[in-house]
Amino acid sequence: MERLDGRLGFWSAGPIALMLTAFFLAPMVVIAAFSVMPQRVFEFTQMPDFSSYRVIFEQRIYMPLVWSLGMALVATLILFVICWPLAFAMAKVFKRFTLVVTIGVVMTLFVSENIRLFGWILTLMRGGLIEGHLRAWTGLSFESPLYDIPAIVFGLVYVYLPFMLFPLAQGISMVPDDARQAAVDLGASRWRVLWEIELPLAAPGIMVGGLLTFVLAAGAMAEAKLLGGQAVVVISDEIETAFTFGQNWPLGSALAILLIAIIGSLAVFAVSRLDLDALMGRKRS
Amino acid sequence: MSHDHHPIMRLAGVYKRFGDFTALHSVDLDVHEGEFLTIVGPSGSGKTTLIRLMVGMDEPTDGTIWLRSARIDQVPANKRPTCMVFQSLALFPHRSVGQNIEFPLKIRGVNQGDRKTRALELLSLLRLSEHYYHKRIGQCSGGERQRVALARALAFDPEILFFDEPLSALDYRLRKTLERELKDLHARTGKTFVYITHSLEEAMVMSDRIAIMREGRFEQIGPAEEIYAKPISRFVAEFMGEVNLFPVVKAADGLEGQGLAIKTNGHGAGADMQPGARGTLMVRPEAVRFLSVGEAADITVSGRLHSEYRLGSRNQYEVALADGRHVAVEALRQTGHAPPPGAEVTVGWDLAHCHLIAET
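Residues numbered from 1 in each chain as written. Chains lettered and ligands numbered in written order. Predicted model: local features only at pLDDT ≥ 70, side-chain atom pairs only at ≥ 80, totals over all residues. Heavy atoms only, no water.

A short note on the state of the cysteines
The bond known as a disulfide is covalent and runs between the sulfur atoms of two cysteines.
Residues and elements named next belong to chain B.
Then comes step 1: Per the counting criterion, the structure on display carries 0 disulfides over all chains.
Then comes step 2: Take Cys83: it sits in no disulfide, and the sulfur closest to it among the cysteines is that of Cys140, at 19 Å.
Then comes step 3: On the accessibility criterion, Cys83 (0% relative accessible area) is buried.
Then comes step 4: For Cys140, a relative accessible area of 5% corresponds to the buried category. (Disulfide = S-S within 2.5 Å. Buried < 20%, exposed > 50% of the residue type's maximum accessible area, 1.4 Å probe, protein only.)

Given below as structure tokens:
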């Protein structure tokens, strides 16, 4: 019986394995292959010359990548700082009110990201909700914060807040209350408890939240296009341009591979240091 | 054990309310320097609330707490020179055994070398070998974790060491071992220990004094032997183990109660009671014995042997009297010449072993 079960299990994993190979792995292989082709070719029959990678560094096309990773890093750090108190309250203080916060935050995900970003444009633009009212009531005016880098980071923070908040709350809920109380009893100040007990014990949640927001923000495009008004070009935008207007598939592929390599190694590093079992509530061995 | 005139900790008129619920009603308590005091009570009696106030994890609604000559009831736990061993032990799972023990020293800014020296001293004090220093908490057994938690608390070098039922989750044999070790540790360190538990046995084995709690008040505080032999209420008598209780009324020359006529000749139990006053006569089962024909005792009753329980070293018997009441008898196993179940028996005890609880 056991052997039959094993064989059935093996064969029933077949369809999904085939599908993943065809629709996930194959495009990656195609991209990887294109990335080593000469410039502006549309077939694999050329000799690979890795010229795209040279072009990226010689013509400083890596700048969008730097911008994307930099803004993603700043957004992730800001999110961590602003989400920690709320996540702490959700995990340890709010009790039933946590559900209200959860529903409130999740509700925002029901509306398309672009529509929400347009909402911010109407709010923040000159003559928009804030500046318009201020001018009508007091005669004072100010420059719109839109179309600059801080506006992009604000957009990233706004859009990816749930992806930091919920893992963080999950991580904090894993910190035993009596470990915190014991630390206080043994003389630790509030900051010492945060540093010695809460941050290390909530680390899996911090890792997951940080990884999710960083990866999503690094690949984000809408915030830079809508709120940033092309103040900077982000990597997803650059890749899209290379494939479409630029008609340079090898360059786009090389940029994509670079992004995948950086984010992939980061994710592998983080996940390898992570006790996923503990996060899922299973017992530590 | 030295009893100073000034207690190391004094609670005066301490109240704790949670909304409408009053968890502590005007609690007064003196903790003596160097004693092993155990606070015993059933769950919900307020003992955990009390210990949280004493270590500073909560503030009293009313009343004062003094540590020697300093008033501390508003001082938070991290500013008090006391510490507690938690029921869950509250060890830090992400730190090694050594780091756990060194934690209070690290907070105080003691340098690494001195910290390690002290941690190793404490490990050996608690009979854990040196190689535990680098072990993870997850690799330690239940008993080893108890010792690590104790070592960590001792590293803090508290004025008073509190315990919140740390042994309750352990199996019987390990609990017995650790009870003795704790008592021994108390003697060796000379520190003041305040221990809370719902287990009377734990309290009896370890404590110098026992305080019995009931519904947010102390019912009785005193040496273990006194509380066992001379409880001031039915509650304490019943809480301190199996007991026979007989309602009695003071008569001119003794006590009377439902078929018991006891001549006290003006001394012994109930001597200071007014005639007509009500009370409860208490006798512990181990003071009651089976009487053979012609054997005498101050007080005797007859009935049928109803049941027998083996408690290991002792046996316990229940004798059903004619009026439906039961009398518990306890005897050492070896002396077991007890009659078979169902037999008619006479049991008796002496006045010297009785204690009279006056009606309040």
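Some points on the pairing of strand β9 (residues 209-214) of chain B
All names here are of chain B.
Then comes step 1: Most of β9 sits inside the fold, with 5 of its 6 residues counted as buried.
Then comes step 2: As defined by bridge partners, strand β3 (residues 36-40) adjoins β9 across 4 bridges and the pair is classed as parallel. Residue pairing across strands places Val40 opposite Ile212, the latter belonging to β9.
Then comes step 3: Linking two consecutive strands that pair antiparallel, namely β9 and strand β10 (residues 217-223), is a turn of 2 residues; a positive phi of about 45 degrees is found at Glu215 within it. (Helix = DSSP H or I, 4+ residues; strand = E, 2+ residues; numbered from the N terminus. Pairing = 2+ DSSP bridges.)

Some points on the sheet that holds strand β2 (residues 21-31) of chain B
Residue and element names in this part refer to chain B.
Then comes step 1: One open sheet accounts for 4 strands, arranged β2-β1-β4-β5; its pairing is antiparallel. Lying at the two open borders of the sheet, with one neighbouring strand each, are β2 and β5 (70-71).
Then comes step 2: Summarising the sheet, strand β1 (residues 9-18) and β2 pair through 7 bridges and their orientation is antiparallel. Paired with Arg10 across the strands is Asp30, a residue of β2.

Quick word on the interface of chain A and chain B
Then comes step 1: Listed as interface residues are 16 residues of chain A and, on the opposing side, 21 residues of chain B.
Then comes step 2: Both faces considered, chain A and chain B share a buried interface measuring about 1,800 Å² in area, 62% of it formed by carbon and sulfur atoms.
Then comes step 3: Of all residues in chain A, Asp185, Leu186 and Glu196 of chain A bury the most surface against chain B, accounting for 39% of the area lost on that side.
Then comes step 4: Inspection of the region where chain A meets chain B yields 2 salt bridges. (Contact = heavy atoms within 4.5 Å. Buried area = accessible area lost by both parts, 1.4 Å probe. Salt bridge = Lys/Arg side-chain N within 4 Å of Asp/Glu carboxyl O.)

A closer look at the domain arrangement of chain A
Then comes step 1: The domain boundaries assigned to chain A delineate domain 1 (1-29) and domain 2 (61-279).
Then comes step 2: Using only C-alpha atoms to locate each centre, domain 1 of chain A and domain 2 of chain A end up separated by 35 Å. (Domains from an automatic or database assignment.)

Notes on the pattern of salt bridges
Then comes step 1: Per the counting criterion, the structure on display carries 37 salt bridges over all chains.
Then comes step 2: Between Lys225 of chain A and Glu240 of chain A there is a salt bridge, and its shortest N-O distance comes to 4.0 Å. You can see Lys225 of chain A sitting in helix α12 (residues 222-226) and its partner Glu240 of chain A sitting in helix α13 (residues 235-243), a full 15 residues away along the chain.
Then comes step 3: Residue class for Glu240 of chain A comes out partly exposed when judged on its relative accessible area of 36%.
Then comes step 4: With its nearest N and O atoms 2.8 Å apart, the salt bridge here joins Glu121 of chain B to Arg118 of chain B.

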